[in-house]
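Secondary and tertiary structure notes
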Amino acid sequence: MDEIVRQAVARAIVTMRDNLGERLTIDDLARAAMFSKFHFTRVFLRVTGLSPGRFLSALRLAEAKRLLATTVISVADISHQVGYNSVGTFSARFSGSVGVSPSGYRQLHGMAPRIADRQAQPGSGATVRGQLRVSAAAEVGPVFVGLFAARIAEGAPARYAILPGPGPYALADVPLGSWYVLTHAYGTTPLDNHGLRPFTGLTGPVTIHRGVTASLADVRLRPRHGFDPPVLLALPDLRHAAVSRPLAS
C-alpha cells in the first residue's frame, strides 16, 4: 500500500475518532486526508474495505459499546456523545449492529452469552470450509469465524463457529448469496511479552448459488491495525478464554 495513501486514510480516521459527536461530511474527511473527495472515497474503501460513512458509523457504535460497558453514563447521553440526535435511532442502529439493545449490552457487561445467527434464513445445503492460519510464531485462540454480508462483523452472521484455535473450519447449510469470512480472536506474538492483542482475518466474498455443495475459503489471522473496522457484533468473552500457552522458541 502506498505510504501517501496510508497516511491520508490514517489522518481521516484520526479526524473521525476525534469528532465522533460532531457532524462530519465527506468534504471534512477529504480535507483531513488532503485528497479530493472523489479520490478520497475510492482510496478509503480500498484501504479499509468500507466507505468513509460506514467506517465512521462503526467507530461511533464501537465507542458507544465502550461507554456502555465501562461507565454509568445514560443511554441518552451516550447516544448524543457519539453523534446521534435521536435516542430511538441510536438504539435501533445499535441493536441491529451489536445484536442486543444498549441497555441489554450494559447488563451483559459487554459480553454476549450466545450469538444469534440467521438460522431463520433458509440454507442452501452448501458448506464453506477452509483453514484458519496464523504465523507460526503466534499463539491464538479461541477463534470466532462467521459469514457476513459486508467486510465488517456487524449484525447477525449468516453462519458462525467458535473454534479452540487455528485449523480447519466448516460452516454448513450456508444461505444463498455472497459472504465474507471474518475471524476474531486474541493471541500473542514473541514481541507481546505474553500480553494479549486482538487478531483478525478476512477473505471473500464467497458466492453461494444453487448447485454449489462446498466452497473453499482459507483465512490468515493477523494482529489488528488501525485500518480495520471495529467488531460491532457482541461476542462471548474470547479474551479471557484465550489460550495462554508459552510461545515456541
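Everything that follows concerns the structure shown earlier in this document.
Notes on the structure in this doc start here. Treat the numbers as computed from the prediction; the structure is a model and nothing was measured.

1. Here we look at the overall build of the protein chain
Of regular secondary structure, the protein chain possesses eight helices and eight strands. Over its C-alpha trace the protein chain gives a radius of gyration of 19 Å, about what one expects of a compact globule, namely 18 Å for 249 residues. Projected onto its principal axes, the C-alpha positions of the protein chain cover 45 × 45 × 40 Å. By the burial criterion, 46% of the 249 residues in the protein chain qualify as buried. Excluding contacts between residues fewer than 6 apart, the proportion of contacts in the protein chain whose partners are at least 24 apart in sequence is 69%. Accessible area for the protein chain stands at about 12,200 Å²; split by element, carbon and sulfur atoms hold 54% of it.

2. Considering the pattern of salt bridges
Under the definition given, this model contains eight salt bridges. Note that Arg54 and Glu154 form a salt bridge whose closest N and O atoms lie 2.9 Å from each other. Of this pair, Arg54 sits in helix H4 (residues 52-70) while Glu154 sits in the loop between strand S2 (139-148) and strand S3 (160-163), placing them 100 residues apart in sequence. On the basis of relative accessible area, Arg54 is assigned to the partly exposed category, the value being 35%. Here Glu154 ties to Arg93 by a salt bridge, and the two come within 3.4 Å at their closest N and O atoms. Of this pair, Glu154 sits in the loop between S2 and S3 while Arg93 sits in helix H6 (residues 87-98), and the two are 61 residues apart along the sequence.

3. Here's the deal with helix H2 (residues 26-33)
Among all positions of H2, only Leu29, Ala30 and Ala33 are buried. An end-on view of H2 places all buried positions within 100° of arc, on one side of the element. Buried residues along H2 sit against helix H1 (3-18), helix H3 (37-48) and H4. Just past H2, the residue Met34 takes up positive phi, approximately 65°.

4. Focus: the nonpolar core
Of all hydrophobic cores here, the largest spans 39 residues; its most connected members are Val9, Phe40, Phe44, Phe90 and Phe94. For this core, the secondary structure elements donating two or more residues are H1, H2, H3, H4 and H6. Examining the composition of this core, we find that eight residues originate from one element, H4, more than from any other. Residues in contact with Phe44, not counting those within four places in the same chain, are Val9, Ala12, Ile13, Met16, Gly49, Leu50, Ser51, Pro52 and Phe55. Ala158, Val212, Val219 and Leu221 belong to the second-largest nonpolar core, a separate cluster that totals 25 residues.

5. Here's the deal with the packing of H2 against H3
Relative to each other, H2 and H3 sit at 80°, their axes nearing to 9 Å. Taken together, the axes of H2 and H3 lie roughly perpendicular to each other. Note on element contacts: H3 touches H2 through Lys37, Phe40 and Thr41, opposite Ile26, Asp27, Leu29, Ala30 and Ala33. Counted by class, the contact of H2 with H3 contains five nonpolar, one polar and two charged residues.

6. Digging into the side chain of Ser97
Assignment of secondary structure puts Ser97 in helix H6. If near-sequence neighbours (up to four positions away) are discounted, Ser97 is found in contact with Leu61, Glu154, Gly155, Leu232 and Leu233.

7. Here we look at the pairing of strand S6 (residues 197-208)
As paired elements, strand S5 (residues 177-188) and S6 share ten bridges and run antiparallel to each other. From the neighbouring strand, Trp179 faces S6, where its bridge partner is Val206. As paired strands, S6 and strand S8 (residues 219-223) are joined by two bridges and run antiparallel to one another. Its bridge partner being in S8, Phe199 is matched across the sheet by Pro223.

8. Some details on the packing of H4 against H6
Contact geometry for H4 and H6: axes closest at 11 Å, N-to-C directions at 90°. The angle between H4 and H6 places the two elements in the roughly perpendicular class. Residues Ser57, Leu61, Ala64, Lys65 and Leu68 of H4 lie in contact with H6, whose contacting residues are Phe90, Arg93, Phe94, Ser97 and Val98. Of the residues that constitute the contact of H4 with H6, the class distribution is six nonpolar, two polar and two charged.

9. Quick word on the packing of aromatic side chains
This model, assessed by the stated rule, comprises seven aromatic pairs. Judged by centre distance (6.3 Å) and plane angle (55°), the rings of Phe144 and Phe148 are tilted. Residue class for Phe144 comes out buried when judged on its relative accessible area of 1%. Each residue in the set Tyr84, Phe90, Phe94 and Tyr105 is aromatic and connected to the rest through ring pairs, giving one cluster.

Definitions and limits used
Residues numbered from 1 in each chain as written. Predicted model: local features only at pLDDT ≥ 70, side-chain atom pairs only at ≥ 80, totals over all residues. Heavy atoms only, no water. Helix = DSSP H or I, 4+ residues; strand = E, 2+ residues; numbered from the N terminus. Rg over C-alpha atoms; globule rule 2.2 N^0.38 Å. Buried < 20%, exposed > 50% of the residue type's maximum accessible area, 1.4 Å probe, protein only. Contact = heavy atoms within 4.5 Å. Areas by Shrake-Rupley, 256 points an atom, 1.4 Å probe, with all protein chains shown as cover. Salt bridge = Lys/Arg side-chain N within 4 Å of Asp/Glu carboxyl O. Arc of directions from axis to C-beta. Core = buried A, V, L, I, M, F, W, Y, C linked by side-chain atoms within 4.5 Å. Axes fitted to C-alpha atoms, helices over the stretch in contact; angles between N-to-C directions. Parallel < 35°, antiparallel > 145°, perpendicular 65-115°, else oblique. Nonpolar A, V, L, I, M, F, W, Y, C, P; charged D, E, K, R; others polar. Pairing = 2+ DSSP bridges. Phe/Tyr/Trp six-rings, centres within 6.5 Å; stacked < 30°, edge-to-face > 60°.

Interpretation in functional terms is not warranted from these geometric data alone.
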